Amino acid sequence: MKSKKVKVEDAVGTILCHDITEIVPGEKKGRAFKKGHKVTAEDIDKLRRLGKNHLQVIDMDKDDVHEDEAGIFLGKILAGRNVEASEPSESRVNLFSTVNGLLKVNVDALIALNTLDDVVASTLPNYTIVGKGEMIAGTKVTPLTVKGNILKEADKIRREAGEIVSVLPFKPLKAGLVITGTEVYKGLIKDAFRPVLTEKIERLGGTVTFVSFVPDDEEVIKSKILEAAAECDVVLVSGGMAVDADDVTPKAIASVSEVIKYGSPVLPGAMFLMAYMKDDTPVIGIPACGMYAKVTILDLVYPRVAAGEKIRKEDIIRLANGGLCRRCEPCHYPNCSFGRG
Ligand SMILES: Nc1nc2c(c(=O)[nH]1)N[C@H]1C(S)=C(S)[C@@H](COP(=O)(O)OP(=O)(O)OC[C@H]3O[C@@H](n4cnc5c(N)ncnc54)[C@H](O)[C@@H]3O)O[C@H]1N2
Ligand code: MOO
């Protein structure tokens, strides 16, 4: 990109390398033309009136694209489902969510885009819960023009990736709770799991339509999971997830579903279990930390389930990076590093 000095009348189609200021004594002082502006035939008279005989400009080659056009193009490449792009300003285009939901970023494609010369694209962290109208990504080029072949490369990355930035709306899931623990079942202690789980489910648009309190008995737990799975979209089973003689919940879950992962690299949440029934109904085993800790692995995995994702073993393992809660007092989640791997 080379700049040169040209006569005003020869500047049509070139790009200004600097702002041009207009001063009307006693009235105004401001920018009449912006750096990056593409000079048109209609601009010539005004430029002359502003006392300009020469301009410092960039002469666009045939394969050069103006920064604003490049920004618009990149915005289109980035924006997947439920995402809309703003108008460009100094080539920057912002992307906004059009729904409440879960941000999904194809991180590999995002990194590939940023390896292209002059391209900048950044997003909120993958799997952030976002609101309708929230800014979720921004893109621009480093000024003032960009080579067309770079945009072709960007388009290729998008085609191979499918979508790069999208927002998955939360499904109105019917959730079943199977709350284990003989002490709770017998009324020796008051249940604390139901309100915590209900709040987390309802916050994401779901409804608790089945609740069963059961003793630490493998057969009883198993039959209640089956009952819940028959009428719900997701089953959450709490308690009895560790090592006591009475902790039979993982066995009960494993007897009716396929366990994807028992044990997770998230603290709190080490004794978490993720499983699926034959018909793909998710069954989630939640250790007791899910009741007393403000945030746990459940806050990282459940939104993905509610957004319709099928959780794989690798997804749980990848939570290790960022999976350590700092235990801040007071808790700042989600404005913290938890789950931000
Ligand atoms: N030796 C080891 N002990 C524990 C380990 C370990 O690795 N080695 N892991 C710890 C971790 S991590 C967690 S988390 C807990 C998991 O606990 P459980 O899911 O087995 O929970 P319970 O034993 O059933 O209960 C613990 C505690 O919470 C009370 N509880 C349970 N459900 C309810 C409810 N619905 N309402 C109110 N209170 C409830 C229960 O009465 C117990 O007091 O294991 C660690 N141990
Ligand atoms: O599963 Mo315990 O799960 O770390 O607090």
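For clarity, every value in this text was computed on a predicted model and none was experimentally measured.

Participant: Would you mind showing me how to read the sheet that holds strand β12 (residues 135-141) here?
Facilitator: Two modes of strand pairing occur in sheets, parallel and antiparallel, and in both the strands are linked by backbone hydrogen bonds. An order of β7-β8-β12-β10 is seen for the four strands of this open sheet, with the pairing classed as antiparallel. Of all strands in the sheet, those bounded by a partner on one side alone are β7 (83-85) and β10 (119-123). With direction set aside, neighbouring strand axes in the sheet form an average angle of 20°. Alignment of β7 against strand β8 (residues 93-97), held across three bridges, turns out to be antiparallel. Bridge pairing links V83 to S97 in β8. Together, β7, β8, β10 and β12 form the strand contacts of helix α2 (residues 67-78), whose direction differs from that of β12 by roughly 140°.

Participant: Quick question: what am I supposed to make of the nonpolar core here?
Facilitator: One recurring pattern in soluble globular proteins is that nonpolar side chains are buried together. Ranked by internal contacts, the top residues of the largest apolar core, which has 75 residues, are I225 and V235. In this structure, this core is formed jointly by two domains, domain 2 (64-169) and domain 3 (174-318), each of which donates at least three residues. Apart from the residues within four sequence positions on either side, I225 is in contact with V178, V235, V237, A252, I253, V256 and V283. In this structure, A11, L16, L55 and I58 belong to the second largest nonpolar core, which totals eight residues.

Participant: So what exactly am I meant to see when it comes to the pairing of strand β14 (residues 165-169) here?
Facilitator: Each regular strand displays side chains that alternate between the two surfaces of the sheet. Summarising burial for β14: four of the five residues are buried, a large majority. Pairing between strand β9 (residues 101-105) and β14: five bridges, direction antiparallel. Within β14, the position partnered with L103 by the bridge is V167.

Participant: For this particular structure, what's the right way to read the site of ligand 1?
Facilitator: Among the 22 residues in the neighbourhood of ligand 1, the closest are listed as F193, M241, A242, P287 and A288. Those elements that place two or more of their residues in the shell around ligand 1 are α5 (182-185) and α9 (289-292). Residues of the shell around ligand 1, tallied by class, amount to 14 nonpolar, four polar and four charged.

Participant: Explanation requested: the sheet that holds strand β5 (residues 54-58) in the structure shown.
Facilitator: The strand order across the open sheet formed by three strands is β1-β5-β2, and the pairing between neighbours is antiparallel. Pairing within the sheet leaves two strands with one partner each, and these edge strands are β1 (3-7) and β2 (15-16). Note: β1 against β5, five bridges, orientation antiparallel. Bridging across to β5, K5 finds its partner in Q56.

Participant: Can you walk me through the domain arrangement of the protein in this structure?
Facilitator: Much of the literature gives interface size as the accessible area that the parts lose upon coming together. Domain boundaries in the protein define domain 1 (3-58), domain 2 (64-169) and domain 3 (174-318). For domain 1 versus domain 2, the separation of C-alpha centres amounts to 31 Å. Across the boundary between the two partners, domain 1 contributes four residues, which contact six residues of domain 2. Of the residues belonging to the side of domain 1 that touches domain 2, the class tally is two nonpolar, one polar and one charged.

Procedures and definitions
Residues numbered from 1 in each chain as written. Chains lettered and ligands numbered in written order. Predicted model: local features only at pLDDT ≥ 70, side-chain atom pairs only at ≥ 80, totals over all residues. Pairing = 2+ DSSP bridges. Helix = DSSP H or I, 4+ residues; strand = E, 2+ residues; numbered from the N terminus. Axes fitted to C-alpha atoms, helices over the stretch in contact; angles between N-to-C directions. Contact = placed C-beta atoms within 7 Å. Core = buried A, V, L, I, M, F, W, Y, C linked by C-beta atoms within 7 Å. Buried ≥ 20, exposed ≤ 12 C-beta atoms within 10 Å, placed from the backbone. Domains from an automatic or database assignment. Near = placed C-beta within 6 Å. Nonpolar A, V, L, I, M, F, W, Y, C, P; charged D, E, K, R; others polar.

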